[in-house]
Each structure stands twice: as structure tokens, then as C-alpha cells.
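One letter stands for each residue in the lines below.
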Protein chains: 2
Amino acid sequence: MTYMNAVNAEPPLWRMIRDSLEAALAAGEYPAGRPLPSEARLAARFGCAIGTVRRAVDELVAARALVRRQGKGTFVPDIDEMTRRAPDAPDRTAYYFFHIRPRDGTRALPATELLAFRASVPCPAWIAPHLGIAPRAPMIFARNLQRIGGRAVVLDDLWLPAALFPGLDRAGFAGREGTVYGLYQKRFGLSVIRTDERLRAVSAPPAAAAALGLPAGAPVLRIQRVALAIGERPVEMRISHADTREHEYFNTLA
Amino acid sequence: MTYMNAVNAEPPLWRMIRDSLEAALAAGEYPAGRPLPSEARLAARFGCAIGTVRRAVDELVAARALVRRQGKGTFVPDIDEMTRRAPDAPDRTAYYFFHIRPRDGTRALPATELLAFRASVPCPAWIAPHLGIAPRAPMIFARNLQRIGGRAVVLDDLWLPAALFPGLDRAGFAGREGTVYGLYQKRFGLSVIRTDERLRAVSAPPAAAAALGLPAGAPVLRIQRVALAIGERPVEMRISHADTREHEYFNTLA
DNA sequence: TTCGATTTGTTCGTATGTATT
DNA sequence: TAATACATACGAACAAATCGA
């Protein structure tokens, strides 16, 4: 038998199916928590064999856009569920987006305290290009202090394009259950699956020094992060300053 | 038909094959540059279908332990070949193990200058556990200065268990072609496929301040890296200090 | 508790496409 | 051109987990 692919220069069928599924995910067609159509159904819909659908889904699972559960179905992963694992869980999914940890080997998830929230701030000129938005576009700004084991360790400044988070106010932001990424997902259908981070060592800015209890000008780790949802959509810029006297940023490249 | 798996608690066949191949790779049975046996041959050897071998190889490809080339075969990846790509190559493999880059978006591979080399130094007590070796075991020590665009940006201290690198001397180390990881692979059969890094912001130690042209006590990025070969074997401890005034550490989590 | 339906996971086998030598 | 090797796609059978009747 000859397949579509006999016609030259076409991408393989499984990739077209993958892209089609990814577009559906980016459009929020499959909310987290409810299963996608079964592989057999998807195969029927796409007019292909189950194995071809599996190949496409495999890719999305590898990209962390989907998770499979035998006997149940295939789901958009629930970010908070990934995050809420026991700190000594064997896999590292719990720390996927949280890389600061004690140097002494102990593990604890951070507790977050909201220090500031403003619902409409013009986007700083240097941030706009990182998020692919217009300069001075309306932004939501929030400042969080993260404590690990009671100690103030990280000061986060978050910048969110207001257009992506309609109706988000201080109460909704502070009263969330779980992480901010869980909030993005559950209330706005934005599933963060990738982050790009740029790290530098700098002298602590005054706000960070004060919040972290550091002497003025002490070296701190500055982390500039862009969070991307399915389909490469930037949804958040975050500038963090971390006190790395007792903590460190961990990164494994595999 | 019933498969092996009917007997309970056995891992799937593809995982046993994957582990078997990984063990062979760790033992250096397949040197970089020459193809592994074809998938058909491997299937015959393991007494299974080609699809099952492909599944096992898929995993090793995902773990960067192997690369496939259509029409040619499956290979242990040549680290230097990955690294020597054009700086504007579309994929990021060239920078897989090299994360420091200019902040302004330009891209250039670093030039390395050997500042010090000692062939037999007892292992510092705090390093030994990270490499899984005995304290005071004989080590090779090297200090490299990395320049990017002519500017001194990173000072590297390398610690290698001497037992893994028999006969490596200053001339062999300095006279290598390509990266140090390429040297480990070509001369000693150690293919680095993973690194664990811990980052902190610290005041520049005197040696780093001098080499990087920094004022005493300026903030620098301290990177402590353990390089792991196939089979989780630690082969190198590296402590780097980077000047992040004009450069940054980039990390993408996908 | 047992059973059956549903869904993903594993394994086999086959045919054909495409790149390399 | 022919042989070889990986890539894509199909289809089928059975295993294992889940859930509700």
C-alpha cells in the first residue's frame, strides 16, 4: 500500500496529528482533569491506525503536554498534582519548575507570601519583547516572597500580560490553592510546559536585600524566567533574586 | 499468543533490551563513530521483533546515549561533532554542555586556555562523595580560562579521578582537538551524557577575580558540575566561576 | 466480590518509503 | 543500480489497570 507520504515533501502523518492535537490543547479544547478521546477514537477521527496516534501522543507526553494513565485515559497534566507530591518522591516532577533547594540535601516545598499586587501596570519596555507583546501593554504585577523551612530565600517579581488573565485580582491571586502555574491552568486554561531561564550573579537590589535580610550589595542569584504554555505562548515573565548562602539552584541536563 | 510478560512482575522486554544495550555502551563495546549492529540484527540477537528493539533504542536516543541516522545506522554520538556546529545552527545541541553566553544575543563558542595542570593530587574530602570515590584518591587537576569573543569570562577548575584517565598528562590534555568531553570519549571511552549542576552567587575568590579582571569581592556565578557518563558513572567534577556582567547562564526546561 | 467493558501498555509481524553507500 | 539501514504506517493479539454494574 502507498501512504500519503508517497507524495513528496509532506511531513509524516504522525507529526500532522501531533500538531493538530497540540493546536487543540493550546486552544483549551481539553481541560485538565478530563480524559482526551481514547486512542481508538482519535485514530478513527484521523483516519489512521492506533499506532500512528500513539506515536503522536508519545511526542506530546515527552514534551510534558500530556500524561497517560493506563486503564483511565490520556490527560492534560494537572500542574498542582505534579507539584504536590511528597518531598521525597522518587521522581523529580515535583521540582520541575522549582529549582532552588537547601544545600544540605534536605527537601521542602516553599511557602509563598504575597508582598504586592497591582492589576494594571504598563509593561516595561525591556520586558515586552520577551513576552511578544506591545510596550506599555497593560500588565499584572505581583511580588512574592518564598520561604523554605521558614527562612526567606527568594523574592519573585511576576509580570503577566493582563489580556491573558481577564478578571484576575488580588483576592483571586492570593486566594489560590496550589501554585501560580496551577492557577494559570485552572482559571485561564494556560498550561505551562516550558520555562527559559537566564541566570546571573548580581549585587542584591535594595528590595531584595531587605526582603531576604541581606547586607546591602551582597551577591545574589538573579533568575529571569519566561514561562511558555503549549504552542510556545509566553505567559509570564518572572525576575527572582535568591539568597544562595544556604541554598542553591539545581539543574540536571539529561 | 502469550508473551514472556505473562509471567508476573517481569519488566517489559523492551526495557531489558534497553538496559542490556546501555550496559554494553557503558562497557565501551561500541566505540563512537562506528555503527551498532542494525536493528534487524539486534532483533535477531535478542530474539524479538524489530519494533521492540526500536522501542529500546528510542529510549537511549531520548537519553542522548545514541543517535540514529537514516540509511547509515545507529551510533554513539560524537561529542565534538555535536559541539562543532555552526554557532547559529537551528538546534541547540552545540550548546548542550556550555550554558554561558553573551547577554546581547550574539553566539560564539568559547576558546580555552590551560592555566594549570597537575597529574596527581589527593582528592579533597568534600569532592570525593560527589564522584563516589575514596577521600585522598589520586586526582588530575586542571585549571582552564574560557574566553568568549576575546574576553575572559569563565574560570574552570577540573577534578578527574586519575584511575579513569590512565596516562593523561599535560601535553595530552592541552593538545586535544575539540572539547575535554571529546577527549574523555575518544581516548578513554567515557561518553558524558548528563551533567548535574548547582549554581550559587558568591563573592569572587581571589584566583577568579584575578583571572577575570574583576574587583575583589565582586559577585560571580559559581557553578559546581558533576559530569556523568553512560550508566550514571561520575567522571568529572568542575567548579566554575563566571563573570555575568556581560554574559549569562541559559537554561531551558522542556 | 466478581465480572465485563474500557483504555492504555507491550509485542508481534508485514509492507513500503527514504537516505546512504 | 542494488543492497543496507532507518522511518513510517498498518493491523492484530494479548496484558494490565481502572471503574462501574
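In the nomenclature of an unreviewed UniProt entry, chain A corresponds to GntR family transcriptional regulator from the organism Neoroseomonas alkaliterrae.

## Quick look at the pattern of salt bridges
Residues and elements named next belong to chain A. Scanning the entire structure with this criterion turns up 34 salt bridges over all chains. Residue Arg 245 pairs with Asp 243 through a salt bridge whose shortest N-O separation is 2.9 Å. Arg 245 gets classed as partly exposed once you look at its relative accessible area, which sits at 38%. Accessibility expressed as a relative area gives 2% for Asp 243, which makes it buried.

## Here we look at helix H3 (residues 50-62) of chain A
Residues and elements named next belong to chain A. The first and last C-alpha atoms of H3 sit 18 Å apart over 13 residues, in line with the 18 Å expected at 1.5 Å per residue. The complete set of buried residues in H3 reads Val 53, Ala 56, Val 57 and Leu 60. Taken end-on, H3 shows its buried residues confined to a sector of 95°, consistent with a single buried face. On its buried face, H3 sits against helix H1 (13-26), helix H2 (39-46), strand E1 (67-69) and strand E2 (73-75). Arg 64 lies just past H3 and shows a positive phi near 65°.

## Things to note about the relation of the copies chain B and chain A
The operation relating chain B to chain A is a screw motion whose rotation component is 180°, with 0.1 Å of axial translation and a residual RMSD of 0.1 Å. As the rotation angle and translation indicate, the two copies are arranged about a two-fold axis. The share of interface residues of chain B whose copies in chain A are also at the interface is 100%, consistent with both copies meeting through the same surface.

## Re the protein's contact with DNA strand C
Taken together, 27 residues are adjacent to DNA strand C, and A:Arg68, B:Leu13, B:Trp14, B:Thr52 and B:Gln70 come closest. When the atoms of DNA strand C within 4 Å of the protein are grouped by moiety, sugar and phosphate amount to 86% of the total. Interatomic distance of 3.1 Å between a side-chain N/O atom of A:Arg41 and a phosphate oxygen of DNA strand C. Within the contact set of DNA strand C, a phosphate oxygen lies 3.3 Å away from a side-chain nitrogen or oxygen of B:Lys72. Those elements giving two or more residues to the surface near DNA strand C turn out to be H2, E1 and E2 of chain A together with helix H1 (13-26) and helix H3 (50-62) of chain B. Residue composition of the surface near DNA strand C, grouped by class: seven nonpolar, 12 polar and eight charged.

The rules we used
Residues numbered from 1 in each chain as written. Chains lettered and ligands numbered in written order. Predicted model: local features only at pLDDT ≥ 70, side-chain atom pairs only at ≥ 80, totals over all residues. Heavy atoms only, no water. Salt bridge = Lys/Arg side-chain N within 4 Å of Asp/Glu carboxyl O. Buried < 20%, exposed > 50% of the residue type's maximum accessible area, 1.4 Å probe, protein only. Helix = DSSP H or I, 4+ residues; strand = E, 2+ residues; numbered from the N terminus. Expected span 1.5 Å × (residues − 1). Arc of directions from axis to C-beta. Contact = heavy atoms within 4.5 Å. Least-squares fit on C-alpha atoms with pLDDT ≥ 70 in both. Near = heavy atom within 4 Å. Polar contact = N/O pair within 3.5 Å; in protein donor to acceptor, adjacent residues only side chain to side chain. Nonpolar A, V, L, I, M, F, W, Y, C, P; charged D, E, K, R; others polar.

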